Amino acid sequence: MTDANSGQMGAGQTDSGQIDNVLIEDRLFLPPAEFTKKAVFSTQQQYEEMYERAKNEPDGFWKEEAEEHLHWFEPFGEVCQWNARHVQWFVGGKTNASYNCLDRNIDAGRGDRTAIIWEGEPGDERTLTYNELRHEVCKCAAGLKQLGVSAGDVVSIYMPMTPELAIAMLACARIGAIHSVIFAGFSAESIADRNNDANAKLMITADGLYRRGKVLPLKQTVDEALAKSPTVEHCLVLRRVNDESVSMTEPRDVWWHDVVDPQSGELAATPLDSEAPLFILYTSGSTGKPKGILHTTAGYNLWAKRTFEWVFDHRDDDIYWCTADCGWITGHSYIVYGPLSAGATCLMYEGAPNYPAEDRFWDLVEKHKVTILYTAPTAVRAFIKWGDQHVDKHDLSSLRLLGSVGEGINPEAWMWYHKKIGAERCPIVDTWWQTETGGIMMSPLPGITATKPGSCTRPLPGVVPIIVDETGSEVHDHHGGMLCIDKPWPGMLRGIWGDEQRFIQQYWASVPGKYLTGDNARRDKDGYYWIMGRIDDVINVSGHRLSTIEVESALVSHEAVCEAAVVGRPDELKGQAIAAFVSVRDREPNDELRQELLMHVRKQIGALAQPDDLRFTATLPKTRSGKIMRRLLRDIASGKEIAGDTSTLEDLSVLAKLREEES
Ligand code: PRX
């Protein structure tokens, strides 16, 4: 790759909350000629033509794509029915995502190809061919049926990153059950909330999971959750850690090896309507309650497959590794549905990147000869911190392409990733997308896009971004504004589970007819997009979305807390860290209470939401109308001088007090 220019970085957002463009990054990295020769997209013209066709003639474009890339039990009629908010793709058609991931590959003679290479944290290994994976999926699907699950039922999955997690997802898809995967770091309260919101009928979990050599008791957490989840009839439990102390409540709880293992490995995939719900995935929004993002079958499946093939330039001999957890959308789209539909060979890893040592990822890359690595900026920053010696021990010459997701990758991390991991040979695809979008929306295409560190570059075919100001008018290049998507695309969310009002309010009310992403962005002179952070109170901690209000609600649910405000502050490793300002009653604001409150948040939401700083304060800065002025708290939390307008502050002395409390 060529470093065409040198670059420099500025800051991101002004104190007044206005979005200004202060990021100056003009380095340009061209794809290596060798890469381009064999790439899926090998000329700019190919991209431009496809992009224009998808934009101007979407029905024709997507009809061909769907016919070529999915299996149809019954053909669809209308390609896209769109009423400025609700969309249906491939109307009336019948397909099945599990069939597309498994049988379609097997029918094409690829049954003996390796689908999943799995490595557990303790070092145990398994590989599953497409034939073997289908066999396991069919057994699990038959087990689910035996437990009374049928099409349209919701199944919550709370599991370690074992092959059975992917198997459970595909088993649900096979029979038309809707999976709701809950990241295995969430608390019992969070699981129960999700079970109840979705009316889950069944839970799938394991006795425990390995994390940094220790065992976390998953089943125990699930037991606590099930005590508050009246709709769940059965809990299917995988034995992963051989925890003898696990308690099984009969007849509710059943072992995977008792129910799934004896089943036959043959079960025909149910033909499902294109718009049959495939999964719900809960994510944080700007209010406290997590929202269940709904994705349906055909459009999502097609979007995951095609974006995978385009962005990761997939070839037959690739060993592809996405380091995400299936508990997040990245795992859904780029561990399970995208790569498997494309017939890829995927590495799946169960554990921590620093167990038993900080070189575990590089050990895996070397051992399994990984060619494509897709990870998150927060991981890259951790690798930088741990030191180059861990990387230097390993031969990473199998790598040919690197990906990034979850948050913007800062140019420093980008350059390290490029030089140290990619040996200046591998293009980097910085992929921008969201739980709601189902798959990647903007990304370099590695064979043709000259990349700029920190930019997700240009939209994929089918994506029509538009940046608008508060009045909904399009803004000029170089000016920041709200990022919206103008036209429907097959992978878009279909709703928020059980909450139509919130769906409208959140995504469609601000700029009528356009999907509001919640991100700010600007476009530069080359048509490249730069994501500039969120519009709302969502923060991004280690690539995971959390709403500040969610953490505040958890804090105020503690009896000693009268009021709490939570803000994000910049953090070298996590991107953003969580800072909490708390006022208490009837208790001494001391370290003991601080620990108690931190534990309380862990219990309410999970370890990922535990504040990094928690300060006690007598009062919070508020406007005269009683709104907490988070902007000021953000300045205090990040140790900055308070700038911007303070004239709306109800009581100016609050700021002085907060500073005093700090010192
Ligand atoms: O703010 C953007 C940020 O992550 C948000 C979506 O989070 P989530 O739904 O959890 O999905 C994460 C995995 C797709 C976005 O609204 N984000 C994600 N990728 C990028 C990003 N911000 C900048 N650059 C990215 N590549």
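Residues numbered from 1 in each chain as written. Predicted model: local features only at pLDDT ≥ 70, side-chain atom pairs only at ≥ 80, totals over all residues. Heavy atoms only, no water.

The chain has the name Acetyl-coenzyme A synthetase in an unreviewed UniProt entry, where Novipirellula aureliae is given as its organism. What the UniProt record of the chain gives under Cofactor (unreviewed entry) is the line "Mg(2+)". What the UniProt record of the chain gives under Sequence similarities (unreviewed entry) is the line "Belongs to the ATP-dependent AMP-binding enzyme family." (UniProt positions renumbered as here; feature names shortened; annotations may be inferred.)

Draft legend 1. Up close: the environment of glycine 518. Summarising the element assignment, glycine 518 is placed in strand E24 (residues 515-523). Using a relative accessible area of 8% as the deciding quantity, one classes glycine 518 as buried. Between the alpha carbons of glycine 518 and glycine 285 there is a distance of 9.3 Å; along the sequence they are 233 residues apart. Setting aside its immediate chain neighbours within four residues, glycine 518 contacts Leu483, Gly533, Arg534, Ile535 and Asp536. (Helix = DSSP H or I, 4+ residues; strand = E, 2+ residues; numbered from the N terminus. Buried < 20%, exposed > 50% of the residue type's maximum accessible area, 1.4 Å probe, protein only. Contact = heavy atoms within 4.5 Å.)

Draft legend 2. Up close: the domain arrangement of the chain. Per the domain assignment, the segments making up the chain are domain 1 (125-270) and domain 2 (539-662). A separation of 36 Å is found between the C-alpha centroids of domain 1 and domain 2. For the pairing of domain 1 and domain 2, the buried interface totals around 510 Å² over both sides, and the portion due to carbon and sulfur atoms is 48%. A per-residue breakdown of the area domain 1 buries against domain 2 is headed by Phe186, Ser187 and Glu189, which together make up 57% of the total. (Domains from an automatic or database assignment. Buried area = accessible area lost by both parts, 1.4 Å probe.)

Draft legend 3. Just the site of the ligand, in detail. Around the ligand, 17 residues are found, and the nearest of them are Asp430, Thr431, Thr435, Asp519 and Arg545. At 3.3 Å from an oxygen atom of the ligand is found a main-chain nitrogen or oxygen belonging to glycine 406. One of the side-chain N or O atoms of glutamine 434 is found 2.9 Å from an oxygen atom in the ligand. For the shell around the ligand, the secondary-structure elements that each account for two or more residues are helix H12 (329-341) and strand E25 (529-534). Here the shell around the ligand is built from residues that sort into five nonpolar, seven polar and five charged. (Near = heavy atom within 4 Å. Polar contact = N/O pair within 3.5 Å; in protein donor to acceptor, adjacent residues only side chain to side chain. Nonpolar A, V, L, I, M, F, W, Y, C, P; charged D, E, K, R; others polar.)

Draft legend 4. Quick peek at the pairing of strand E29 (residues 575-584). Across the 10 residues that make up E29, a large majority, seven, are buried. Both strand E28 (residues 561-571) and E29 contribute to a ladder of 10 bridges, which runs antiparallel. Note on E29: the bridge partner recorded for valine 561 is valine 584. Linking E28 to E29, which pair antiparallel, is a turn of three residues. Note that E29 and strand E30 (residues 613-616) share four bridges and pair parallel. Along E30, the bridge assignment pairs alanine 580 with leucine 614. Regarding the hand of the β-α-β motif, the stretch spanning E29, helix H19 (residues 591-604) and E30 is right-handed. (Pairing = 2+ DSSP bridges. Right-handed = clockwise from strand over helix to strand, strands pointing away.)

Draft legend 5. Region of interest: the UniProt feature "binding site: CoA" (unreviewed entry) in the chain. Within this structure's numbering, the places UniProt gives as "binding site: CoA" (unreviewed entry) are Arg211, Arg212, Gly213, Lys214, Thr330, Asn354, Ser542 and Arg602. A maximum C-alpha distance of 25.4 Å among these annotated residues, which run over 392 residues, shows that they spread across the structure rather than meeting at one spot. Among the secondary structure elements, glycine 213 is positioned in the loop between strand E9 (209-211) and strand E10 (214-216). Apart from residues lying up to four places away in sequence, glycine 213 is in contact with Glu121 and Tyr355. Mapped onto the elements of the fold, arginine 602 is located in helix H19. Discounting chain neighbours no more than four positions away, the residues touching arginine 602 are Ser187, Ala607 and Gln610.

Draft legend 6. Inspection of helix H3 (residues 58-69) at higher detail. Between its first and last C-alpha, H3 extends 16 Å over 12 residues, near the 16 Å set by a 1.5 Å rise per residue. Within H3 the residues assigned to the buried category are Gly60, Phe61, Trp62, Glu65, Ala66 and His69. Those residues of H3 that are buried are in contact with helix H2 (44-56), strand E2 (87-89), helix H5 (103-110) and helix H11 (297-311). (Expected span 1.5 Å × (residues − 1).)

Draft legend 7. Quick look at the pairing of strand E6 (residues 154-158). With five of five residues buried, E6 is to be regarded as a mostly interior element. Neither face of E6 is exposed, since Val154, Ser156 and Tyr158 on one face and Val155 and Ile157 on the opposite face are all buried. With helix H7 (residues 163-175) bridging E6 and its parallel neighbour strand E7 (residues 178-181), the resulting β-α-β unit is right-handed. Across four bridges, the pairing between E6 and strand E8 (residues 202-206) is parallel. Its bridge partner being in E8, valine 155 is matched across the sheet by leucine 202.

Draft legend 8. How the structure looks around the UniProt feature "binding site: Mg(2+)" (unreviewed entry) in the chain. In this structure's numbering, the residues bearing the UniProt feature "binding site: Mg(2+)" (unreviewed entry) are Val556, His558 and Val561. Structurally, valine 556 is set in helix H18 (residues 548-556). Residue classification places valine 556 among the partly exposed residues on the basis of a relative accessible area of 36%. Beyond its immediate stretch of four places on either side in the chain, valine 556 contacts Val561, Cys562, Glu563 and Ala564. Relative to the helices and strands, histidine 558 resides in the loop between H18 and E28. For histidine 558, a relative accessible area of 7% translates into the label buried. Other than its neighbours up to four places away in sequence, histidine 558 contacts Arg587, Leu593, Glu596, Leu597 and His600.

Draft legend 9. Here's a closer look at the sheet that holds E6. In space, the eight strands of this open sheet follow the order E12-E11-E8-E6-E7-E14-E15-E23, with mixed pairing throughout. Two strands in the sheet have a free side with no partner beyond their single neighbour: strand E12 (253-255) and strand E23 (495-496). Bridge analysis of E8 against strand E11 (residues 234-238) gives five bridges, and the strand direction is parallel. Across the sheet, threonine 205 pairs through a bridge with valine 237, a residue of E11. Strand contacts of H7: E6, E7, E8, E11 and strand E14 (277-283), with the helix running at about 175 degrees to E6, the strand carrying the most contacts. Strands in contact with H12 are E7, E14 and strand E15 (291-296); relative to E14, the strand with the most contacts, it is inclined by about 145 degrees. (Axes fitted to C-alpha atoms, helices over the stretch in contact; angles between N-to-C directions.)

Draft legend 10. Main features of the sheet that holds strand E4 (residues 114-119). Read from one edge of the open sheet, seven strands run E5-E4-E17-E16-E18-E19-E20, paired in mixed fashion. If you trace the sheet from one side to the other, it starts and ends with strand E5 (125-129) and strand E20 (428-430), each paired once. In this sheet, adjacent strand axes meet at a mean angle of 15 degrees when their direction is disregarded. Of the strand pairs in this sheet, strand E18 (residues 372-375) and strand E19 (residues 401-404) are connected by four bridges, and their pairing is parallel. The partner of threonine 375 across the bridge, within E19, is serine 404.

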